[in-house]
Every structure is written in structure tokens, then in C-alpha cells.
Amino acid sequence: MKKNFLKKTAAILLSAAMCTSMVACGSGTGSTAATADDGQKTYTVGVVQYVDDASLNQIEENIESRLAELGEEKNVKFNIQYENGQADGTTLNQIAADLVADKVDLIVAIATPTAQIMQAATEDDQIPIVFAASSDPVGAKLVASMDEPGGNITGTSDALNTEAIFNLMFAQNPDTKKVGLLYSKSEDASTQAIADAKAILDEKGVEYVEKTGTTVDEVSSAADALIAEGVDAVFTPTDNTIMKSELAIYEKFNEAKIPHYAGADSFALNGSFVGYGVDYANLGRETANMVSEILVDGKDISTMPVKTFDNGLAMINTETCEELGYDLSEVEAAFKPYCTGIKETTTKQEFDAATSSDSDSQ
């Protein structure tokens with residue numbers, strides 16, 4: 001079970017051999033990779049997660065499993081030094097300082113706020129950073145461009161196709177007159193998506209109401225306010241703060257018969273009507289591939305393009321669909337022209353229980 005600021009140093013490929021000598025790693029940044037007596041190199045990778053939520057947990061798990069596979073394929077070992085900042089800037093800064101002091105070979109930063117803190121911390125040491133699930137890495141000033149990142153950082157992006165989500169919304173409810181925009185102002189990843197949403201709604205002549213929150217309580221109050229405003233639907237981009245709060249608000253929207261459309265499948269896992277976006281399991285695997293390419297294959301991180309993914313998968317929560325009074329077959333028929341795939345899920349309350357258990361044990 002993951003605990004706040006608890007190091008988890010695990011050898012992904014087990015070996016009884018102890019590391020006895022040090023050689024420069026393939027990244028060329030001055031960090032080191034250990035070599036065991038059998039000649040097998042071991043790379044230490046710091047994996048830093050912003051907060052526990054369904055999407056980010058899925059990414060982290062797939063990074064680890066894919067690195068295990070790559071270790072076997074390439075006859076190396078990846079030691080994972082796992083950290084979770086639990087959305088606390090002070091904690092994340094301390095984690096960054098510790099990883100730099102430990103001279104890890106590479107840092108994987110899951111979510112934009114994590115990547116920004118890790119980038120600042122490695123300005124002098126230039127430890128390579130591979131971010132995962134940054135919605136707007138250029139806007140967040142992580143990279144100079146998507147094709148030529150520059151510096152010591154690149155990664156995977158879950159950039160959101162905001163228009164596609166609104167296509168789903170208006171396909172299902174063409175008479176929508178007022179839309180709630182629910183997000184956190186503290187997350188850079190939401191900025192562009194919300195701007196895009198406003199432009200889309202302005203063009204359609206649809207009224208919108210903005211509500212924000214940075215804590216579960218604030219998000220819950222924001223949801224209450226949107227219901228009181230009489231919105232017909234709610235939109236949220238790939239916002240980790242709202243994702244973390246979804247289990248606390250989805251029943252409110254269901255009772256008010258307001259569908260919640262969000263920018264990741266994990267929102268639907270935690271109760272929203274629809275989550276639309278990338279396959280986060282695949283994003284995690286591709287992040288791991290980039291780690292291996294940098295450390296083992298010696299690729300130049302500054303010239304490795306940011307990887308993007310097709311935003312085409314709609315995840316429908318069948319329980320919420322029923323509570324809203326919709327016919328699932330009719331919803332899927334309405335959605336079909338606007339997405340490359342449709343999946344169904346039910347609400348995963350066990351995620352909430354696991355998170356609560358972790359919190360209690362810290």
C-alpha cells in the first residue's frame with residue numbers, strides 16, 4: 001500500500017548479485033548506474049506521483065510493470081525509488097531534494113505539478129526527467145516545444161481534445177443551455193482546456209458558469225453551487241484536484257440529474273457519467289519505454305519529442321447512466337460517431353476505501 005513520503009526502493013528484476021562498481025549511465029548527465037559482478041547494470045529511477053487518484057495510480061503501476069519487462073529484455077535492472085507527494089508542495093520539494101542528493105539516474109514525474117518541481121530541483125544537476133500525463137507541457141513551461149523539448153526533460157502528454165467531449169455532451173443532450181465548468185485554478189493543466197471550453201460554448205451561444213476548488217470540501221461546495229445555478233451538464237478537464245474529489249460529488253450530480261463529462265476515463269471509474277481521453281495504462285507503458293531509451297539506449301533526452309495519444313475513448317459509468325435516467329444503448333449510439341471506442345464501467349468505491357486506509361496509516 002502506498003504511503004505519503006515513504007520510500008519504496010524495489011529491484012524490479014531480482015538478482016542476488018550486489019552492485020560493486022560504478023559506471024556512467026547512458027544519459028550522459030553525470031549520474032551513475034551500478035554494475036553487478038555479473039555485468040548487469042542497475043539503474044535507479046525515482047518515480048514521484050503527485051497524489052493518489054485512479055488515473056495516476058494506473059500510470060504508476062504500468063510504469064513499474066513495463067520497466068520489469070524491459071529489464072528482462074535488455075538484461076538490466078531498474079530500481080524504483082517510489083515517492084508520493086500527496087498534492088503537497090512542501091513534501092514534493094523535499095522529495096526532489098532527496099532524489100538529487102541520492103543521485104538517482106532519472107526521475108519520472110507523474111502529473112504537471114510534480115514535473116515542475118522536479119525540473120526546478122534539477123536545474124544544476126541536470127538529472128534527466130521523464131514526465132507522465134502533462135496535459136500542456138509547453139504552456140507549463142516544461143519543454144520548449146513538443147517536437148524539440150530541449151534541456152533535461154521530455155515525457156508523455158495526455159493533452160485533451162476538449163471539443164470532442166462537447167461533441168459527446170451535445171450529441172446526448174442537444175438542448176443543453178447552461179454548462180458548469182468545474183476545475184481547480186491551482187492546476188496549470190486545466191487552463192487551456194477551460195479556455196477552449198469557453199470558446200466552444202461562446203460559439204454555440206451556450207451559457208456557462210465557472211466554479212473552482214482546491215480541496216475536497218471546496219470542490220463539494222462548488223458542485224453544490226453548480227446545482228443551485230441550474231446547470232444542464234458539467235465539464236471538467238484532466239484535473240487531478242477534481243479527480244481526487246469525484247467520489248464526494250458524483251452522487252450529488254446524479255440526484256440532480258446533471259451529467260458530468262470529464263477528461264479522463266478514471267472520472268467514470270469514480271462515478272462521473274462519462275470520462276473521455278487517453279488510455280492511461282498505455283501512457284504509463286510508453287513513459288517506461290522512454291525511460292529505457294534514455295538510460296539503456298543512450299538517447300539524447302533534449303531531442304526526444306513529447307509523446308501524445310489519440311483522445312478517442314469514451315468510458316461510460318453504467319450505474320450513473322441509469323441514475324440519470326438514460327438508456328445505455330441510446331447513449332452509445334449517440335456517442336459512436338464522435339469517439340474511436342466506447343467502454344463501460346461501474347463506480348469503483350474500493351479506490352476510495354484504499355485511499356482512506358493509506359491516509360489513516362500515515
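Everything discussed here concerns the structure shown above.
Below is a short write-up of the structure. (Residues numbered from 1 in each chain as written. Predicted model: local features only at pLDDT ≥ 70, side-chain atom pairs only at ≥ 80, totals over all residues. Heavy atoms only, no water.)

## A closer look at the pattern of salt bridges
Reasoning step 1: The full count for this structure, using the stated rule, is eight salt bridges.
Reasoning step 2: Here E207 and K178 are joined by a salt bridge, their closest N and O atoms 3.9 Å apart. A residue pair is termed long-range when its members are at least 10 positions apart, and E207 in strand β10 (residues 207–212) and K178 in strand β9 (residues 178–183) qualify at 29 residues.
Reasoning step 3: We classify E207 as partly exposed; its relative accessible area is 45%.
Reasoning step 4: Its relative accessible area of 16% is what places K178 among the buried residues.
Reasoning step 5: Linking K252 and D224 is a salt bridge whose minimum nitrogen-to-oxygen distance equals 3.0 Å. You can see K252 sitting in helix α7 (residues 240–255) and its partner D224 sitting in helix α6 (residues 216–229), a full 28 residues away along the chain. (Salt bridge = Lys/Arg side-chain N within 4 Å of Asp/Glu carboxyl O. Helix = DSSP H or I, 4+ residues; strand = E, 2+ residues; numbered from the N terminus. Buried < 20%, exposed > 50% of the residue type's maximum accessible area, 1.4 Å probe, protein only.)

## What to know about the side chain of D52
Reasoning step 1: If you trace the backbone, D52 turns up in the loop between β4 (41–49) and α1 (54–74).
Reasoning step 2: Within the structure, D52 has its side chain in polar contact with the side chain of Q86 (distance 3.1 Å). (Polar contact = N/O pair within 3.5 Å; in protein donor to acceptor, adjacent residues only side chain to side chain.)

## Regarding the environment of M169
Reasoning step 1: Mapping M169 onto the fold places it in helix α4 (residues 162–172).
Reasoning step 2: A relative accessible area of 0% means that M169 is categorised as buried.
Reasoning step 3: Spatially, the C-alpha atoms of M169 and A334 are 9.5 Å apart, while their sequence positions differ by 165 residues.
Reasoning step 4: Residues in contact with M169, not counting those within four places in the same chain, are V179, A233, V234, F235 and Y261. (Contact = heavy atoms within 4.5 Å.)

## With respect to the sheet that holds strand β15 (residues 341–345)
For sheets, the rule is that strands pair by backbone hydrogen bonds, running either parallel or antiparallel.
Reasoning step 1: Strand order in the open sheet formed by seven strands is β10-β9-β11-β12-β13-β14-β15, and the pairing between neighbours is mixed. Since the sheet does not close on itself, it has two edges, and those belong to β10 and β15, each with one partner. Each neighbouring strand pair of the sheet contributes to a mean axis angle of 20°, computed without reference to strand direction.
Reasoning step 2: Against the sheet, helix α5 (residues 188–204) touches β9, β10 and β11 (233–236), its axis set at about 175° to β9. (Pairing = 2+ DSSP bridges. Axes fitted to C-alpha atoms, helices over the stretch in contact; angles between N-to-C directions.)

## Comments concerning empty space enclosed by the protein
Reasoning step 1: Taken as a whole and assessed by the stated rule, the structure comprises one cavity of 30 Å³ or more.
Reasoning step 2: In this structure, the largest cavity encloses a volume near 120 Å³.
Reasoning step 3: In this structure, the largest cavity is lined by 18 residues; those nearest its centre are L56, D158, T238, N240 and Y280.
Reasoning step 4: Sorting the residues of the lining of the largest cavity by element identifies α1, α3 (112–121), α7 and α8 (265–269) as the ones contributing at least two each.
Reasoning step 5: When grouped by side-chain class, the residues that make up the lining of the largest cavity number eight nonpolar, six polar and four charged. (1 Å grid on protein atoms, 1.4 Å probe; cavity = no way out; pocket = protein on both sides within 12 Å on 5 of 7 lines; lining within 4 Å. Points joined across faces, edges and corners; volume = space filled by probe spheres on them. Nonpolar A, V, L, I, M, F, W, Y, C, P; charged D, E, K, R; others polar.)

## Examining the pairing of β9
Reasoning step 1: A large share of β9 lies buried, amounting to six of its six residues.
Reasoning step 2: Of the two faces of β9, the one lined by K178, G180 and L182 and the one lined by V179, L181 and Y183 are each fully buried.
Reasoning step 3: Taking the sense of rotation as the criterion, the β-α-β connection linking β9, α5 and β10 turns out right-handed.
Reasoning step 4: Two strands pair when backbone bridges link them, and β9 and β11 are joined in this way by three bridges, in the parallel orientation. Its bridge partner lying in β11, L181 is registered against F235. (Right-handed = clockwise from strand over helix to strand, strands pointing away.)

## Let's talk about the nonpolar core
Reasoning step 1: V45, I59, F78, M118, L182 and V291 are the most contacted members of the largest nonpolar core, which totals 71 residues.
Reasoning step 2: With residues near it in sequence (within four places) discarded, I59 still touches I110, A132, A133, Y280, L283 and G284. (Core = buried A, V, L, I, M, F, W, Y, C linked by side-chain atoms within 4.5 Å.)

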